[in-house]
Amino acid sequence: MIPIPRSWPASLTLILFLFMYFPIAVLGIYSFNTSRYSSMWEGFSLIWYQQLLSDQRIHAALGTSLGVAAIAVAISAVLGTLMAVGLAKYRFPGKGLYRGISYLPLIVPDIAIAVATLVFLSSIGRLYFGIQLSLWTIIAAHIVFCLAYIAVVVSSRLAGIDPHLEEAALDLGATPLQAFTKVLLPELLPGVLAGCLLAFVLSMDDLLISSFTAGNGASTLPMEIYSRVRTGMKPDINALSVVLILTSGILAFVAEYWCNSFGSSD
Amino acid sequence: MEQTLAAVRTDLAFDIELQTVLKTFGDEAAVQDLTLQIRPGEFFSILGPSGCGKTTTLRLIAGFETPTAGSVCIQGQDMTQVPPYQRPVNTVFQSYALFRHLNVWENVAFGLKLQKLPREEVRSRVATALEQVKLDGFAKRTPAQLSGGQQQRVALARALVNRPAVLLLDEPLGALDLKLRKEMQLELAHLHRSLGLTFVMVTHDQEEALSLSDRIAVMNQGRLEQMGTPSQIYEEPETAFVADFIGDTNLLRGRVSHSNGSTVQLVTEAGLPVWTDRRSEWNGTLPQKLVVSIRPEKIRVSQLEAAGHDAHNCYAGRLRQVMYLGPNIQFQIELATGEHLTVLQPNRARLPALDTEVQVSWSAGDGRALVA
């Protein structure tokens, strides 16, 4: 069935792909297993997908995750775009430092962000601002990294844009605000959308930061999955994972497509 | 109040007036002490090497830059502090700066829509503008689907459709290949004539400036070197820079040794005596150091034995290089004193062989004496 590769680069590629995707393939296959236990194959069934559809806790967690991602991404989209534009456009002292610090959440380990946020919220945040851990603290923590991702993607889009575009709009009678909304923003839109999709997927995927900053009762989908897996693998989680992988894959593909089709039109 | 009114009236002789403009970026003066007036309906070019301040000058007129000192008047009104979107000028950018998310029609209609003109008027004016640049039928295309020359035309139409008082062109043909550039030059000249609009073009291409402009301002290192008609700039350069930058020339530097009523003789460092016409402005005191600029086409080359001795300046030299240019032939001639001269001759006579002795000659009136 699988063509046997003759050259070593092809073999290496095949091995690597197996290494990366075989576990996922196994998971996908077992999500259709009739057996309650993952180790045995007892026949094809869609029972776990049906169970998933009627699982209220999964529904609630999914709703929480979607809500967190949507709010965090929406806020980050506005701030991240403004940040990228501001960094590209204006010169001010300490700009390099500012840029570096803004993009830091991309490389700082999640665990550091998670612990730092928790420590901050439960000490200073609680003492002086009366902040309780809740859904909103998850959103706030997610904005930290969503903002950086969106700003990076929008920045790279900006770098490929003719710097005279805004001037051309001003020249034709547009006020600075009109130049931004009628010219710069539409030109940036593919970048903003791609950045949003990326941030959305990352937010949906996040377990670490969410579980550190979540208040009582607030549970995102990854948190719910983790708590179930701890007490043993269940086939309905396999089914859920397949759904999640497919959804993320499609979103990532769409984001990539947007970036490419609009980005390299010249 | 009366005085300002009077001032406005006299200013109306000019569409653009820059008064002792200074523009600095940090410590660097991009433009300094620049005063120039551009007349209505003129095709005015600002010419100079890269970094001479010509683009900054255009941006000062467009309003993208504000002068550090001095003033910018457009059609008699002080516009020094007026933002670009309130100035009656439109710009064609070197990179065209077309809006990629809009099609050709929407690009051209952009300015008119901002003015909130009635839909019918927008439609008819966009159609006219596209016709003027020969792009009717391309309205629905996006900029990415157009060639460089077509994008250039869209940029032109997008500016012209607003009926600006002055059209600003920043190296408009710089990105086009030679053949297309020649074509667009003709079209620009035609547009200028048929619209009767004031054009201000920035270019580093002297040929383009000479062939298109009514008047040219030559800039160097942020300063205006000379302003005049193309023939004035070419035939009567005021500085050695202008003589050298516009076309090819031979510059001979030296000290004044003799002078009579109408001619001056200077001697170069190598000892070559050169006669040149005395400029009328030197009737009083004569500068001690002069540069003479002689265009390659003004120098005659002859075989030694056939030399005529009627010219003021007549020297023996050796033919060091021959470049065949088709209609013309360019010679490099080394004089006995060591100077090298470039000579351009029409392709008529038989080519002399390399390293033969030749004679070069020109009369005092062929050169242009400049203060060194």
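Residues numbered from 1 in each chain as written. Chains lettered and ligands numbered in written order. Predicted model: local features only at pLDDT ≥ 70, side-chain atom pairs only at ≥ 80, totals over all residues. Heavy atoms only, no water.

Undergrad: How should the interface of chain A and chain B be read in this particular structure?
TA: With 24 residues of chain A in contact, the opposing surface of chain B contributes 21 residues. For the pairing of chain A and chain B, the buried interface totals around 2000 Å² over both sides, and the portion due to carbon and sulfur atoms is 58%. Where chain A touches chain B, the interface holds two salt bridges. Between Glu 167 of chain A and Arg 59 of chain B there is a salt bridge, with the nearest N and O atoms lying 2.6 Å from each other. Our enumeration of links across chain A and chain B arrives at eight residue pairs in polar contact (both at pLDDT 80 or more). When residues of the side of chain A that touches chain B are traced back to their parent elements, those giving at least two are α7 (165-171) and α8 (176-205) of chain A. The residue inventory of the side of chain A that touches chain B, partitioned by class, reads ten nonpolar, seven polar and seven charged. (Contact = heavy atoms within 4.5 Å. Buried area = accessible area lost by both parts, 1.4 Å probe. Salt bridge = Lys/Arg side-chain N within 4 Å of Asp/Glu carboxyl O. Polar contact = N/O pair within 3.5 Å; in protein donor to acceptor, adjacent residues only side chain to side chain. Helix = DSSP H or I, 4+ residues; strand = E, 2+ residues; numbered from the N terminus. Nonpolar A, V, L, I, M, F, W, Y, C, P; charged D, E, K, R; others polar.)

Undergrad: Can you help me understand the layout of surface pockets in this one?
TA: Picture a little ball the size of a water molecule; that probe, rolled over the atoms, points out where space is still empty. Residue and element names in this part refer to chain A. Here the largest pocket is characterised by a volume of approximately 780 Å³. As for the largest pocket, its lining consists of 20 residues, of which Ala 88, Lys 89, Pro 163, Glu 166 and Glu 167 are closest to the centre. Looking at the lining of the largest pocket, the elements with two or more residues in it are α3 (56-89), α6 (135-159), α7 and α8. Per-element tally for the lining of the largest pocket: the top contributor is α7, with four residues. A class-by-class count of the residues in the lining of the largest pocket yields 13 nonpolar, no polar and seven charged. If you add up the space inside the second largest pocket, you get close to 550 Å³. Here the lining of the second largest pocket takes seven residues from helix α11 (residues 235-263), the largest share from any one element. Its residues assigned to classes, the lining of the second largest pocket comprises 18 nonpolar, four polar and one charged. (1 Å grid on protein atoms, 1.4 Å probe; cavity = no way out; pocket = protein on both sides within 12 Å on 5 of 7 lines; lining within 4 Å. Points joined across faces, edges and corners; volume = space filled by probe spheres on them.)

Undergrad: How should I be thinking about the sheet that holds strand β13 (residues 273-277) of chain B in this particular structure?
TA: Consider a sheet: its strands pair through backbone hydrogen bonds, and that pairing is either parallel or antiparallel. All names here are of chain B. On the basis of which strands lie adjacent, the open sheet formed by five strands has the order β13-β12-β11-β14-β20 and antiparallel pairing. The two strands at the open ends of the sheet, each matched to only one other strand, are β13 and β20 (368-371). Looking at each pair of strands side by side, their axes are set apart by 45° on average, direction ignored. The sheet contact formed by strand β11 (residues 250-259) and strand β12 (residues 263-268) spans five bridges and is antiparallel. (Pairing = 2+ DSSP bridges. Axes fitted to C-alpha atoms, helices over the stretch in contact; angles between N-to-C directions.)

Undergrad: Honestly, unusual backbone geometry in this entry has me stumped. Any pointers?
TA: It is generally the case that most residues other than glycine have a negative phi and that most peptide bonds are trans. Residue and element names in this part refer to chain B. Not every positive phi belongs to a glycine, and Tyr 96 is a case in point at roughly 70°. Among the secondary structure elements, Tyr 96 is positioned in the loop between β6 (89-92) and α3 (104-114). A positive phi angle, near 45°, is found at Glu 171, a position not held by glycine.

Undergrad: Help me out: how do you make sense of a nonpolar patch on the surface in this one?
TA: A contiguous nonpolar surface patch, about 1000 Å² in accessible area, is contributed by Trp 8, Leu 12, Leu 16, Phe 17, Phe 19, Met 20, Tyr 21, Ile 24 and Ile 245 of chain A. Along the chain, Leu 12 of chain A falls in helix α1 (residues 8-30). (Patch = residues over 30% accessible without salt bridge, like charges linked within 9 Å, V, L, I, M, F, W, Y side chains within 5 Å. Areas by Shrake-Rupley, 256 points an atom, 1.4 Å probe, with all protein chains shown as cover.)

Undergrad: Mind showing me how you'd approach the pairing of strand β4 (residues 69-74) of chain B here?
TA: Working note: regular strand, side chains alternate between the two faces of the sheet. Residue and element names in this part refer to chain B. In this structure, strand β1 (residues 16-25) lies alongside β4, joined through five bridges in antiparallel fashion. Along β4, the bridge assignment pairs Glu 17 with Cys 73. Looking at chain direction, β4 and strand β5 (residues 77-78) are connected through two bridges and run antiparallel. In the strand pairing of β5, Ile 74 is matched with Gln 77.

Undergrad: Just checking my understanding: could you explain the packing of aromatic side chains for this structure?
TA: What describes a pair of aromatic rings is the distance from one ring centre to the other and the angle between the planes of the rings. For the structure on display, the rule yields nine aromatic pairs over all chains. Ring centres of Phe 92 of chain A and Tyr 98 of chain A lie 6.0 Å apart, and the angle between their planes is 85°; this geometry places the pair in the edge-to-face category. Given a relative accessible area of 32%, Phe 92 of chain A falls into the partly exposed group. Judged by relative accessible area, Tyr 98 of chain A falls into the partly exposed class, the value being 42%. Taken together, a centroid distance of 5.5 Å and an interplanar angle of 10° make the contact between Phe 241 of chain B and Phe 245 of chain B stacked. One end of the pair is Phe 241 of chain B and the other is Phe 245 of chain B, both in helix α9 (residues 240-245) and four residues apart, which spans about a single turn. Joined through ring pairs, the aromatic side chains of Phe 32, Phe 44 and Tyr 49 of chain A make up one cluster. (Phe/Tyr/Trp six-rings, centres within 6.5 Å; stacked < 30°, edge-to-face > 60°. Buried < 20%, exposed > 50% of the residue type's maximum accessible area, 1.4 Å probe, protein only.)

Undergrad: Mind showing me how you'd approach the sheet that holds β4 of chain B here?
TA: Residues and elements named next belong to chain B. Strands sit in the order β2-β1-β4-β5 across an open sheet of four strands; the sheet is antiparallel. Strands with a single pairing partner mark the edges of an open sheet, and in this sheet they are β2 (28-38) and β5. Packed onto the sheet, helix α2 (residues 54-62) meets β1, β2 and β4 and runs at close to 115° relative to β1.

Undergrad: What should I look at first to understand the nonpolar core in this one?
TA: General note: in soluble globular proteins, nonpolar side chains tend to be found buried as a group. Residues Leu 188 of chain A together with Leu 18, Phe 99, Phe 110, Leu 168 and Val 200 of chain B are the most contacted members of the largest nonpolar core, which totals 71 residues. Here this core takes ten residues from α8 of chain A, the largest share from any one element. Sequence-distant contacts of Leu 188 of chain A, that is, excluding residues within four places in its chain, are made with Thr 81, Val 85, Val 154, Arg 157, Leu 158 and Ile 161 of chain A. Core analysis: the second largest hydrophobic core is formed by 36 residues, Phe 43, Leu 112, Leu 188 and Met 201 of chain B among them. (Core = buried A, V, L, I, M, F, W, Y, C linked by side-chain atoms within 4.5 Å.)

Undergrad: Would you mind showing me how to read the packing of α3 of chain A against α8 of chain A here?
TA: In helix packing, the relevant descriptors are the interaxial angle and the interaxial distance, both defined with respect to the helix axes. Residue and element names in this part refer to chain A. Here α3 crosses α8 at 140°, and the two axes come no closer than 9 Å. Along this stretch, α3 crosses α8, giving a crossing that reads as right-handed. Packed against α3, whose contacting residues are Leu 62, Ser 65, Leu 66, Val 68, Ala 69, Ala 70, Val 73, Ala 77, Thr 81, Leu 82 and Val 85, the element α8 presents Phe 180, Leu 184, Leu 185, Leu 188, Val 192, Cys 196, Ala 199, Phe 200, Ser 203 and Met 204 at the interface. A per-class count over the contact of α3 with α8 returns 18 nonpolar, three polar and no charged. (Left-handed = near helix turned anticlockwise from the far one by under 90°.)

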